[in-house]
Amino acid sequence: MSGSTISISNERMWKMFTLVTGVLIVPLVGWVWNTNVAVAQIQNDLQDAEGTIVVLGQKVEESDVNAKAIISMKKDIEYMKETLDRVERIVVDKQR
């Protein structure tokens, strides 16, 4: 009878062990799955952000070129105004 008591005791211990591990492992698997999904979403967001940063960098470079072109045009306009003023003075002086 003691042999059957030992096997029942071992059987109960095994059942308790599997129950405890099941109670611990199943939630942990769910947590790991959710964490993995969250990490994948963060990686996707990071890739999108990197793409946006590249586009913004290109736009900044373009705006620098445009700003330099605007400054150059402004200087050209000022030069043209000065030249027209000189021409006007010459014409007015010759008419007198």
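Our structure's up above, just so we're on the same page.
What counts, and at which threshold
Residues numbered from 1 in each chain as written. Predicted model: local features only at pLDDT ≥ 70, side-chain atom pairs only at ≥ 80, totals over all residues. Heavy atoms only, no water. Helix = DSSP H or I, 4+ residues; strand = E, 2+ residues; numbered from the N terminus. Rg over C-alpha atoms; globule rule 2.2 N^0.38 Å. Buried < 20%, exposed > 50% of the residue type's maximum accessible area, 1.4 Å probe, protein only. Areas by Shrake-Rupley, 256 points an atom, 1.4 Å probe, with all protein chains shown as cover. Lys, Arg positive; Asp, Glu negative; His and termini not counted. Charge placed at Lys NZ, Arg CZ, Asp CG, Glu CD. Patch = residues over 30% accessible without salt bridge, like charges linked within 9 Å, V, L, I, M, F, W, Y side chains within 5 Å. Salt bridge = Lys/Arg side-chain N within 4 Å of Asp/Glu carboxyl O.

(A) View of the overall build of the chain. Scanning the chain for helices and strands turns up one helix and zero strands. Computed over C-alpha atoms, the radius of gyration of the chain comes to 41 Å, more than 25% over the 12 Å expected from 2.2 N^0.38 for 96 residues, which places it beyond the range of a compact globule. The dimensions of the chain, computed from C-alpha atoms along their principal axes, are 140 × 10 × 10 Å. Within the span of the chain, comprising 96 residues, buried residues form 0% of the whole. Surface accessibility of the chain: about 9,100 Å² in total, with carbon and sulfur atoms responsible for 66%. Charged side chains of the chain number 11 positive and 13 negative; the gap between the two group centres comes to 4 Å.

(B) Summary view of a negative patch on the surface. Residues E78, E82, D85 and E88 make up a contiguous surface patch of negative charge. Checked against the element boundaries, D85 lands in helix 1 (residues 2-95). For D85, a relative accessible area of 38% corresponds to the partly exposed category.

(C) Local environment of the pattern of salt bridges. This model, assessed by the stated rule, comprises one salt bridge. K15 is the salt-bridge partner of E11, the closest N and O atoms lying 3.4 Å from each other. Residue E11 and its partner K15 are both found in helix 1; the two are separated by four residues, about one turn of the helix. E11 sits in the partly exposed class, given a relative accessible area of 45%.

(D) Summary view of a nonpolar patch on the surface. On the surface, V20, L24, I25, L28, V29, W31 and V32 cluster together into a nonpolar patch covering about 700 Å² of accessible area. Within the element layout of this structure, L28 appears in helix 1.

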